[in-house]
Amino acid sequence: MARQNPNIVITGTPGVGKTTHAEQLARSLGLQHVSINQIVKDEGFHEGKDEELGSWVVDEDKLLDYLEATKISETGGYILDWHACELFPERWIDLVIVLRCDSTVLYDRLTGRGYKDKKLEENMDSEIMQVLLDEARESYKEEIVVELRSDKDDDVEGNVERIEMWVEQWRKDNAGKSE
């Protein structure tokens, strides 16, 4: 049976608005928002914290096994919210949204979250060097990777509308298809 809904990855540097976008899209489209960070923490799919960066050292095999058990590739309808995307098998994913943000705006957001020295520097460098965009482009077909700006509230609204239109078109294009 073909999926009735697409699977979407929303990725980007911390602070670009991934969760905001994912939550709004889940509500408006009836899809399930999956916070990968929350799963890693709640299910213990990590090998502890990197104290210097203050982030989990993720056990990717356990995480992928868990997600595979949800039948994500078969059922569709998931919005995966995480700072990376190359981990997810291409067969699972129909659209990859890479949110980008002006470095000055991002700096203010991250310092507002209390990010310190090394973690702040690493995330700022990642955004400036477009590391996550490059990873997405290397991991998935070019036509499913979309870069969107997320500097201000109006950007979120416009991005959500654009993604909603994409999902509606995907649903039309895939109606009645079998795998």
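Note that this is a predicted model, so its numbers are computed, not measured.

S.K.: I tried to follow the environment of Leu148 on my own but got confused; where do I start?
M.R.: Assignment of secondary structure puts Leu148 in strand S7 (residues 145–149). When the C-alpha positions of Leu148 and Val105 are compared, they lie 15 Å apart, and in sequence the two are 43 residues distant. Apart from residues no more than four positions distant in its own chain, Leu148 is found in contact with Ile97, Val98, Leu99, Arg100, Asn159, Arg162 and Ile163.

S.K.: Just to check I follow, could you spell out the sheet that holds strand S6 (residues 95–100) for this structure?
M.R.: Read across the open sheet, the five strands follow the order S2-S5-S1-S6-S7; overall the sheet is parallel. The open sheet is flanked by strand S2 (32–35) and S7, the only strands paired with a single partner. Direction aside, the axes of adjacent strands within the sheet are offset by 20 degrees on average. Two elements, S2 and strand S5 (residues 78–81), share four bridges in a ladder whose sense is parallel. If you follow Ser35 over to S5, its bridge partner there is Asp81. Strands strand S1 (8–11), S2, S5 and S6 of the sheet are contacted by helix H1 (residues 18–29), whose axis makes an angle of about 170 degrees with S5.

S.K.: When you look at the packing of H1 against helix H8 (residues 153–174) in this model, what are you seeing that I'm missing?
M.R.: Two quantities define a packed helix pair, namely the angle between the axes and the distance from one axis to the other. Axis separation between H1 and H8 bottoms out at 10 Å; the angle between their running directions is 45 degrees. As the angle between them shows, H1 and H8 are arranged oblique. The handedness of the crossing between H1 and H8 comes out as right-handed. Contact with H1, carried on its side by Thr20, His21, Gln24, Leu25, Ser28 and Leu29, involves Val156, Asn159, Val160, Ile163, Glu164, Val167, Glu168 and Arg171 of H8 and no other residues of that element.

S.K.: Honestly, the state of the cysteines in this entry has me stumped. Any pointers?
M.R.: In a disulfide, the sulfur atoms of two cysteines are covalently bonded to one another. Throughout the structure, instances matching the rule amount to zero disulfides. Unpaired in this structure, Cys85 has its nearest cysteine sulfur neighbour in Cys101, at a distance of 18 Å.

S.K.: Whenever I open this one, the nonpolar core confuses me. Can you help?
M.R.: Where a protein is soluble and globular, its nonpolar side chains tend to be buried together. Grouped together as the largest cluster of nonpolar side chains are 26 residues, with contacts concentrated most on Ile36, Leu63, Leu80, Phe88, Ile93 and Val96. For this core, the secondary structure elements donating two or more residues are helix H2 (36–43), helix H3 (60–69), S5, S6 and helix H7 (131–139). Leaving out residues up to four positions away in the same chain, Ile93 has contacts with Asn7, Val9, Leu80, Phe88, Tyr140 and Ile144. With 24 residues, the next largest nonpolar core counts Ile8, Val16, Leu99 and Leu120 among its residues.

S.K.: When you look at the packing of aromatic side chains in this model, what are you seeing that I'm missing?
M.R.: Going through the model one piece at a time under the given rule, you end up with three aromatic pairs. The rings of Trp82, Phe88 and Trp92 are connected pair by pair, giving a single aromatic cluster. Sitting over the face of the ring of Tyr115, Lys119 holds its NZ or CZ atom 4.4 Å from the ring centroid.

S.K.: For this particular structure, what's the right way to read the pattern of salt bridges?
M.R.: Side chains bearing opposite charge may pair, as long as their charged atoms lie close to each other. By the definition in use, this model includes eight salt bridges. For Glu147, the salt bridge identified is with Arg100, shortest N-O distance 3.1 Å. Note that Glu147 is positioned in strand S7 and Arg100 in strand S6, a separation of 47 residues in sequence. Close ionic contact of Arg149 with Asp151 constitutes a salt bridge, the shortest N to O distance being 3.3 Å. A residue is classified by how much of its surface remains accessible, and Arg149, at 36% relative accessible area, is partly exposed. For Asp151, a relative accessible area of 21% puts it in the partly exposed group.

Cut-offs used in this document
- Residues numbered from 1 in each chain as written.
- Predicted model: local features only at pLDDT ≥ 70, side-chain atom pairs only at ≥ 80, totals over all residues.
- Heavy atoms only, no water.
- Helix = DSSP H or I, 4+ residues; strand = E, 2+ residues; numbered from the N terminus.
- Contact = heavy atoms within 4.5 Å.
- Pairing = 2+ DSSP bridges.
- Axes fitted to C-alpha atoms, helices over the stretch in contact; angles between N-to-C directions.
- Parallel < 35°, antiparallel > 145°, perpendicular 65-115°, else oblique.
- Left-handed = near helix turned anticlockwise from the far one by under 90°.
- Disulfide = S-S within 2.5 Å.
- Core = buried A, V, L, I, M, F, W, Y, C linked by side-chain atoms within 4.5 Å.
- Buried < 20%, exposed > 50% of the residue type's maximum accessible area, 1.4 Å probe, protein only.
- Phe/Tyr/Trp six-rings, centres within 6.5 Å; stacked < 30°, edge-to-face > 60°.
- Lys NZ or Arg CZ within 6 Å of the ring centre and 35° of its normal.
- Salt bridge = Lys/Arg side-chain N within 4 Å of Asp/Glu carboxyl O.

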